[in-house]
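# Coordinate analysis (summary)
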Amino acid sequence: MDYRACPNLARMLFDQAERLGDKPCLWAKREGQWRAVSYRDVGAQTMQLARTLRALGVQPGDRVGLVAENRPEWVIADFAIMAAGGVSVPAYVTNTVDDHLYVLANTACKGVIASTRALAEKALLAARRVQGCGFMIAIEPPSAADGPVIVQSWQDALARGQREDDGVAAIVAGLGRSDLACIIHTSGTGGQPKGVMLHHGAILTNCLGAYHLLEQLGLGDEVFLSFLPLSHSYEHSAGECFPLSIGAQIYFAESVEALSSNLIEVKPTIMTAVPRLYETLHRRIASGVERQGGLKSALFHKALAVGRKRYEAPKSLSLVERAIDPLLDRLVRNKVRARFGGRLKALVSGGAPLNYEIGLFFTALGLTLLQGYGQTEAAPVVSANPPGKVKLDTVGPPLVDVQVKIAEDGEILVRGELVMQGYWNDPEATQATVRDGWLHTGDVGLIDDDGYIKITDRKKDFIKNSGGDMIAPARVEGLLTLQPEILQAMVHGDRRPHLVAVVVPHPDMAKAWIQAHGEAGNPAGLVDDKAFRAAIEKAIERVNAQLSAAERIRRFILAREPFTVANEMMTPTLKVRRHKVREIYGAALEKLYQ
């Protein structure tokens, strides 16, 4: 498709529905079987729902909330809101009632579309407290549906759309690239989330960039496996809009827990994920090999060593290594690729920095891993490594039609149609972030001689100790979490003499410790065990040996539970909420300085 000429996302979908007809589009597992909705049916249901939204009073520019897990109806609802001239406002399924209230009230939503009964009931409690929020369309209507908000079932809404007059086609024809498509709230790593206003052109520019990047792989009948939340801009653009723009099939994973089996069933050709997933897969693969031991373990480590050498210093490969590499490919790497379905063209990593060692691990095992970079305010992808020349310690060159420059203080600035229109109802924050057309990302980095961007840290996350040293916490935390004893970590020490840390022990290590030492109770009880703490301290000492004096961890506390979405210490896209961790552990961290 001609991305630059496409006027809006709704037009893109309807054109694809007409062109591709009965080709499978959206897949979900129902009663143990994968079932597809065709492109034609996606287009028809989108039109029906858009007509009903118009009948419910949605006018151009009105906001409509969307609360659902990843499923075909999510995509249909998202595009129906836009086709009706409205603005889609996605919300995370992990949101509390208060979270929903903030999102719906912040954007003055006219109504809400929800999926399961549990999600609908939470969203309805919030909607009733938002002035002007008058309707809910629910796949599974809530049990108590009375009150000021009119509740309609999904099926009734589709049926109503078959009877209503068709004014949607004219609205779609009138939508331009600068019209607002969605308001996506940032995941709030540093406090209350902001509503990022993304227009149709911003997301289409991202789709254009992704196409130019991935066409080097030979795009055909592609299959995507979607499991990151569609309410996040990364999955919204890269896992929903882009696949639809190339006529791909999208499978919605049953859950993160079922991801391994879904990969084998679906056999995706392209997969987008955040670094946390790759870290988890790295641990599973590595620990599984260690359990096997013997010849299998030896072959695996040899494949890893030769693959690493082939990436880092290909000219140094010996004749023997060159000779056995194809054999290692058949005996080891093909089995690793089979765990991803066997036909994967590329893994794409975004949403947070990818540890170099993790990227090298998968590359050495024969998988193409493309690290990219972006943020919600850029719809969200700014750059990515091209398949033909991957540099794992960078996030690649800017995508097509994207300008990037480095400010005097090292901050990465971005300009192009992909830049947001601003933060909803927050002109001060908008002015501070977008100046003279340049998005001030808050990330610090450099551009190398090949035009590739290298991120060094978050500008606002730098720690400046009392000696004036500037420390990048992400680097220290990344090294800590590579240790098998440590699952998660957050360092602390702004305006203090040295760094301290909150450390979450790895549950496998805790479980093995309990079995070996006959300890009673659960792993949380080990935080007060001196011998257990000493084992964690040895892991920290290994990391300290790789760090400068200012970066070293002098003291630490052990967390009694992991950082999770449920306890609000992680965002839904698995980034650590630093402010929340400090809120819980701040006093204990400060005591370490006494």
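Please refer to the structure higher up on the page.
Everything in this summary refers to the structure shown in the same document. Only a predicted model underlies this, so the values are computations on that prediction, with no experimental measurement involved.

### Regarding the packing of aromatic side chains
Both the distance between ring centres and the angle between the ring planes are used here to describe each pair of aromatic rings. Under the defined criterion, the tally for this structure stands at nine aromatic pairs. With centroids separated by 6.1 Å and ring planes inclined at 50 degrees, the aromatic side chains of Phe 300 and Phe 361 adopt a geometry described as tilted. In this pair, Phe 300 is assigned in helix H12 (residues 294-312) and Phe 361 in helix H14 (residues 356-364), connecting sequence segments 61 residues apart. Between the aromatic rings of Trp 513 and Phe 532, the centroid separation amounts to 5.5 Å while the plane-to-plane angle is 75 degrees, which identifies the pairing as edge-to-face. Separated by 19 residues along the polypeptide, Trp 513 in helix H17 (residues 507-517) and Phe 532 in helix H18 (residues 530-544) bring together distant segments of the chain. For the pair shown, Trp 513 and Phe 532 are each scored as buried. An aromatic cluster of at least three residues, connected via ring pairs, comprises Tyr 278, Phe 300, Phe 340, Phe 361 and Phe 362. We note Arg 533 situated over the ring of Phe 556; from NZ or CZ to the ring centre the distance is 4.4 Å.

### Remarks on helix H13 (residues 319-339)
In an α-helix there are 3.6 residues to a turn, and that puts residues three or four apart on one side. When the terminal C-alpha atoms of H13 are compared, their 30 Å separation across 21 residues agrees well with the 30 Å that a helix rising 1.5 Å per residue should span. Approximately 45 degrees is the largest bend angle found in H13, and it occurs at Asp 329. Inspection of H13 places Glu 321, Asp 325, Leu 328, Val 332, Arg 333, Val 336 and Arg 337 among the buried residues, and these make up the whole buried set. Buried residues along H13 sit against H12 and H14. One or two steps after H13, the chain reaches Gly 341, where phi turns positive at roughly 105 degrees.

### Let's talk about the packing of helix H4 (residues 97-106) against helix H5 (residues 117-127)
It is the contact of H4 with H5, at a shortest axis distance of 8 Å, that shows an interaxial angle of 55 degrees. Between H4 and H5, the angle is such that the two are oblique. In this structure, H4 crosses over H5, and the sense of that crossing is right-handed. Packed against H4, whose contacting residues are Val 97, His 100, Leu 101 and Leu 104, the element H5 presents Lys 122, Ala 123, Leu 125, Ala 126 and Ala 127 at the interface. Looking at side-chain class alone, the contact of H4 with H5 contains seven nonpolar, one polar and one charged residues.

### Some details on the side chain of Thr 52
Topologically, Thr 52 is positioned in helix H2 (residues 39-55). Within polar-contact distance, the side chain of Thr 52 engages the backbone nitrogen of Gly 161 at 3.1 Å. The contacts of Thr 52, once residues within four sequence positions are left out, are Ile 137, Gln 152, Ala 157, Arg 160 and Gly 161.

### Some points on the pairing of strand S13 (residues 346-349)
The alternating pattern of S13 places Ala 346 and Val 348 on one face and Leu 347 and Ser 349 on the opposite face, and all of these are buried. Both strand S12 (residues 270-273) and S13 contribute to a ladder of four bridges, which runs parallel. Residue pairing for S13: Ile 270 is matched across the bridge by Ala 346. Pairing analysis gives three bridges linking S13 to strand S14 (residues 369-374), with the strands arranged parallel. Its bridge partner lying in S14, Ser 349 is registered against Gln 371. Handedness of the S13-H14-S14 crossover: right-handed.

### Some points on the nonpolar core
Core analysis: the largest hydrophobic core is formed by 83 residues, its most contacted members being Leu 9, Leu 49, Leu 53, Phe 79, Ile 113, Leu 244 and Val 414. For this core, the leading source of residues is helix H3 (residues 72-83), giving nine residues. Contact partners of Leu 9, with chain neighbours within four places excluded, come to Phe 79, Met 82, Ala 181, His 200, Ile 203, Leu 204 and Cys 241. Judged by nonpolar contacts, the second largest core, of 41 residues, contains Leu 228, Leu 263, Leu 344 and Phe 362.

### Re the packing of H2 against H3
One can describe the packing of H2 onto H3 by two numbers: an axis separation of 8 Å at closest approach and a directional angle of 50 degrees. On the basis of the axis angle, H2 is oblique to H3. Seen from above, H2 lies across H3 with right-handed handedness. On the side of H2, the interface is formed by Val 42, Gln 45, Thr 46, Leu 49, Ala 50 and Leu 53, while H3 contributes Ile 76, Ala 77, Phe 79, Ala 80, Ile 81 and Ala 83. Grouping the constituent residues of the contact of H2 with H3 by class yields ten nonpolar, two polar and no charged.

### A word on the pattern of salt bridges
Counting across every chain of the model gives 30 salt bridges. Lys 391 serves as the salt-bridge partner of Asp 450, at 2.9 Å between the closest nitrogen and oxygen. Of this pair, Asp 450 sits in the loop between strand S20 (438-447) and strand S21 (453-458) while Lys 391 sits in the loop between strand S15 (381-384) and strand S16 (403-406); the two residues are 59 residues apart in sequence, bridging distant segments of the chain. With relative accessibility at 18%, the residue Lys 391 sits in the buried group. Put simply, Glu 590 and Arg 496 hold a salt bridge, and the shortest N to O gap is 3.5 Å. Note that Glu 590 is positioned in helix H19 (residues 578-591) and Arg 496 in the loop between strand S24 (486-492) and strand S25 (499-505), a separation of 94 residues in sequence. Each of Arg 310, Asp 325, Asp 329, Arg 333 and Arg 337 takes part in a single network of salt bridges with overlapping partners.

### Structural notes on the sheet that holds S25
Taken together, three strands build an open sheet; the order of strands is S24-S25-S26 and the sheet is mixed. Looking at the sheet topology across the chains shown, the edges are occupied by S24 and strand S26 (553-558). Adjacent strand axes in the sheet meet at a mean angle of 30 degrees when their direction is disregarded. Strand direction decides the pairing type here: S25 and S26, joined by five bridges, are parallel.

### A few points about the environment of Gln 162
Turning to its location among the elements, Gln 162 is positioned in helix H6 (residues 154-163). If near-sequence neighbours (up to four positions away) are discounted, Gln 162 is found in contact with Gln 48 and Arg 51.

### So, unusual backbone geometry
Note the cis peptide between Ala 379 and Pro 380, where omega equals -5 degrees. Among the structural elements, Pro 380 can be located in the loop between S14 and S15. Of note, Ala 379 is a non-glycine position whose phi angle comes to about 70 degrees, a positive value. Here Ala 379 is to be found in the loop between S14 and S15.

### Structural notes on the pairing of strand S17 (residues 411-415)
Where burial is concerned, most of S17 is hidden: four out of the five residues are buried. With four bridges joining them, S16 and S17 adopt antiparallel strand pairing. Across the sheet, Val 404 pairs through a bridge with Val 414, a residue of S17. Linking S16 back to S17 in an antiparallel pair, the connection comprises four residues, with Gly 410 at a positive phi of about 95 degrees. As defined by bridge partners, S17 adjoins S20 across three bridges and the pair is classed as antiparallel. The residue of S20 that forms the bridge with Val 414 is Leu 439.

Rules used throughout
- Residues numbered from 1 in each chain as written.
- Predicted model: local features only at pLDDT ≥ 70, side-chain atom pairs only at ≥ 80, totals over all residues.
- Heavy atoms only, no water.
- Phe/Tyr/Trp six-rings, centres within 6.5 Å; stacked < 30°, edge-to-face > 60°.
- Helix = DSSP H or I, 4+ residues; strand = E, 2+ residues; numbered from the N terminus.
- Buried < 20%, exposed > 50% of the residue type's maximum accessible area, 1.4 Å probe, protein only.
- Lys NZ or Arg CZ within 6 Å of the ring centre and 35° of its normal.
- Expected span 1.5 Å × (residues − 1).
- Bend = angle between axes of the 7 residues up to and from the residue.
- Contact = heavy atoms within 4.5 Å.
- Axes fitted to C-alpha atoms, helices over the stretch in contact; angles between N-to-C directions.
- Parallel < 35°, antiparallel > 145°, perpendicular 65-115°, else oblique.
- Left-handed = near helix turned anticlockwise from the far one by under 90°.
- Nonpolar A, V, L, I, M, F, W, Y, C, P; charged D, E, K, R; others polar.
- Polar contact = N/O pair within 3.5 Å; in protein donor to acceptor, adjacent residues only side chain to side chain.
- Pairing = 2+ DSSP bridges.
- Right-handed = clockwise from strand over helix to strand, strands pointing away.
- Core = buried A, V, L, I, M, F, W, Y, C linked by side-chain atoms within 4.5 Å.
- Salt bridge = Lys/Arg side-chain N within 4 Å of Asp/Glu carboxyl O.

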